[in-house]
Each structure stands twice: as structure tokens, then as C-alpha cells.
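# Overview (structure and organization)
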Amino acid sequence: MTASDAGPLSRREWLLSERPASRVQARLGRAYVAWRRFSANRLALVGLLIILALVVVAAFAGVLAPYSPTVGDLKNARLLPPGAAHWFGTDDLGRDIYSRIVYGSRWTLYVVILVAIIAAPIGLLVGTVAGYAGGWTDAILMRITDIFLAFPKLVLALAFVAALGPGIENAVLAIAITSWPPYARIARAETLTVRNSDYIKAVQLMGASPFRIVLRHIMPLCISSLIIRVTLDMAGIILTAAGLGFLGLGAQPPLPEWGAMIASGRRFILDQWWVAAAPGAAILIVSLGFNLLGDGLRDALDPRSGDQ
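Since the model is a prediction, treat every value here as computed from it, not as a measurement.

Time to look at the pattern of salt bridges. Summed over the entire model, instances satisfying the criterion amount to 8 salt bridges. In this structure, the salt-bridge partner of Asp91 is Arg95, at a minimum N-O distance of 2.9 Å. Here Arg298 ties to Asp295 by a salt bridge, and the two come within 3.1 Å at their closest N and O atoms. Separated by 3 residues within a single helix, Arg298 and Asp295 lie in helix 12 (residues 274–301), roughly one turn from each other.

The next thing to look at is the nonpolar core. If you look at the biggest cluster of nonpolar residues, it comprises 63 residues, and the most contacted ones within it are Val111 and Trp258. At the level of secondary structure, the elements contributing two or more residues to this core comprise helix 3 (42–59), helix 5 (97–133), helix 7 (153–164), helix 8 (168–194), helix 9 (198–205), helix 10 (210–246), helix 11 (258–265) and helix 12. The contacts of Val111, once residues within four sequence positions are left out, are Ile168, Val172, Ile175, Ile237 and Ala241.

Glancing now at the UniProt feature "transmembrane region" (unreviewed entry) in the chain. The positions that UniProt labels "transmembrane region" (unreviewed entry) are, in the present scheme, residues 43–65, 107–133, 154–179, 227–252 and 272–294. For residues 154–179, helix accounts for 88% and strand for 0%, while the C-alpha atoms at its two ends are 10 Å apart. Taken end to end, residues 272–294 has its terminal C-alpha atoms 35 Å apart, with 91% of it in helix and 0% in strand.

The next subject is helix 8. With 27 residues, helix 8 extends 39 Å between its outermost C-alpha atoms, agreeing within 8% with the 39 Å of an ideal straight helix rising 1.5 Å per residue. Maximum bend of helix 8: about 30°, positioned at Ser179, with proline Pro181 one to four residues after it.

Among the structural elements, Val275 can be located in helix 12. By relative accessible area, which is 3% here, Val275 ends up buried. The spacing of Val275 and Ile238 is 37 residues in sequence and 19 Å in space, taken between C-alpha atoms. Those residues in contact with Val275 that sit more than four places away from it in its chain are Leu79, Thr90, Asp91, Ile97, Met261 and Gly265.

Right, let's talk about empty space enclosed by the protein for a bit. Enumeration over the complete set of coordinates arrives at 3 cavities of 30 Å³ or more. Each pocket or cavity is described by its volume, and for the largest cavity that value is around 80 Å³. If you go around the largest cavity, the residues you meet are Trp107, Thr108, Val111, Val112, Ile238, Ala241, Ala242, Glu257, Trp258, Gly259 and Ile283. For the lining of the largest cavity, the secondary structure elements donating two or more residues are helix 5, helix 10 and helix 11. Broken down by element, the residue count for the lining of the largest cavity peaks at 4 residues, all from helix 5. Counted as a void, the second largest cavity has a volume near 40 Å³. The wall of the second largest cavity is formed by Asp91, Arg95, Ile97, Arg100, Met261, Ser264 and Val275.

With that out of the way, let us pick up the packing of aromatic side chains. If you walk through the whole model with that rule in mind, you get 6 aromatic pairs. On the basis of an interplanar angle of 85° and a centroid distance of 5.5 Å, the ring pair of Phe88 and Tyr98 is categorised as edge-to-face. Placement of the pair is Phe88 in the loop between helix 4 (61–64) and helix 5 and Tyr98 in helix 5, with a sequence separation of 10 residues. Ring centres 5.8 Å apart and planes at 80° place the aromatic pair Trp273 and Trp274 in the edge-to-face group. Classification of Trp274 by relative accessible area gives buried; the value is 8%. Ring pairs connect the aromatic residues Trp87, Phe88 and Tyr98, which therefore count as one cluster. Over the face of the ring belonging to Phe246 we find Arg266, whose NZ or CZ atom lies 5.4 Å from the ring centre.

Within the secondary structure, Ser99 sits in helix 5. Looking at Ser99, its side chain comes within polar contact range of the main-chain nitrogen of Tyr67, at 3.1 Å. Polar side-chain contacts of Ser99 include one of 2.7 Å to the side chain of Asp96.

What counts and how
Residues numbered from 1 in each chain as written. Predicted model: local features only at pLDDT ≥ 70, side-chain atom pairs only at ≥ 80, totals over all residues. Heavy atoms only, no water. Salt bridge = Lys/Arg side-chain N within 4 Å of Asp/Glu carboxyl O. Helix = DSSP H or I, 4+ residues; strand = E, 2+ residues; numbered from the N terminus. Core = buried A, V, L, I, M, F, W, Y, C linked by side-chain atoms within 4.5 Å. Buried < 20%, exposed > 50% of the residue type's maximum accessible area, 1.4 Å probe, protein only. Contact = heavy atoms within 4.5 Å. UniProt positions renumbered as here; feature names shortened; annotations may be inferred. Expected span 1.5 Å × (residues − 1). Bend = angle between axes of the 7 residues up to and from the residue. 1 Å grid on protein atoms, 1.4 Å probe; cavity = no way out; pocket = protein on both sides within 12 Å on 5 of 7 lines; lining within 4 Å. Points joined across faces, edges and corners; volume = space filled by probe spheres on them. Phe/Tyr/Trp six-rings, centres within 6.5 Å; stacked < 30°, edge-to-face > 60°. Lys NZ or Arg CZ within 6 Å of the ring centre and 35° of its normal. Polar contact = N/O pair within 3.5 Å; in protein donor to acceptor, adjacent residues only side chain to side chain.

Printed below as a string of C-alpha cells:
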């Protein structure tokens, strides 16, 4: 074995050491093991590539889109079929559908990121507090959670958007309000499993306050499960946002939001099928990517799964 061959092998052994010499080595070792599990799942890699492609398209939409997403040629380019000039055809206002889908990827990322930023911390806080405090605090918080879970997410989001008014920001807020209860349930279940562990008892004996115990020692243990659930819920968030846009309560014209594009194309579904089919295919591919990525993360971050 040459010296060049021994280098990567020694780094691998250093990462997989059963007795790490520092916290950095331990964290890098856990990350390496998780990546090995994730990369062994080929479908998960496909999902990761789809999401990375979505991010790249959203970041470079101005370069990738050959036409304006809001200005069309109503006189010469109305409802043109897919071709060399317009890859996905044009809509009823003469706008290039490919350019609108490219720019619409920004609004898709905008919705899923904001919903995750708002809903996940709320669910994490409610679930950990309820699980650690117990008693009447747990009962009240979980009954509130049950009330939100009793309604279908889309119906509840429709009610909030109807009260707040149509618009992409109000749609994001409504989806976030209806998305936190499952995260609270997961965080509470994780908290109940570790609340009486020796690790938490030792922290209590050291004089740590309940706030510090929840924030510094319980919440980090729930992060991996929460990340998996949030990733798996991204497809549902995209579909809910598209449903609100389809009903006219989400993004408003002329924003190139995929659900609103399907709504405007449903009038031409029999003759000019590409107007609604192209954004529908975009929603399908991105939703599939998030589902595949979530499945891969679940296998990679599950502490019960063995090393592969």
C-alpha cells in the first residue's frame, strides 16, 4: 500500500474511532456515519439532486429564464404549443411557461423555508415544554394541539387565509399555523423518553433550571426527528400552497406561482394541455424529491439503524 492510499484510510479510521479524542472528532464521526447511510440509499440521492437543482434554478432564475415571467406577447405568442422558441409553450397572455416555472421555483422555496422556520420552532417548543412539565401544562398544550389536528390542514388554512386576506405572505402564515401540531407531538414523545433518564437527572442535580434543561439538553435531542418530519412534510406544504394558489387565496397575479398557474390553465386543459401540465409536473417532481430526501434522512439519522 502506498502513502497516498494510506492517507484516506487513516482519515476514515479517525472518523470511525470508537474513542474520539475531542467533541469535533465525535461530531465529524457521527456526520460521516450518517452520510454513509444516506449515500447508500440511491433514491435518497436522487431526491437530494432534485432539491439541489431546485435551489440552483431559484438562485439563477434570471440567467436560466429567457423571457420575462410577467410580460407576454398577447398578439403573437398566445397559447403557443411547446417548441424551440418556447420549450413549455405559452399561456393565455402570451407569457413563456418555462420562464414562469423557473421564477416560480423561488416562490416555492420561499413558502417551504418560511413555513419550516415558523412552524418547526413552535412545535418543538410546545412539545418539549409539555413533555417535560407534565401535569396540567401538558394537558392544556396537548388539547390545543388536538384541536388543530382535528381539522384537515387545507380546510384550516383556508379559514385562516379567508380571515387574513389573500396573498402569499398570509398563505405562508396560515400554512405555518396549521403545520406545527405534528412537530409538537413528535417533540413531546421524544421528551417523554428522556425526561427521566440518568442524563437529565444528573443535569438536575447540578442545579440546572427547567428552562435550561429544556433548551440546552432536551431540544437538541429532538432535532433529528424534527428535521426528518419537516423534510417529509415539505411535499404537503407545497401542495397546500398550490391549493391555496389554485383557489385564488395564495399568490396573486401576476406572480408566477405554480398553483396559480394551474388555476389559470384549467380553462384550456382539453386543447392547450401544456398550460396546466407544465406547472403540475414541476409540483410533482419537487414533491417527489422532498419525499425521497426525507426517507433517506430518516434512515441516516435513525440511531437504531446499524452502520452499512
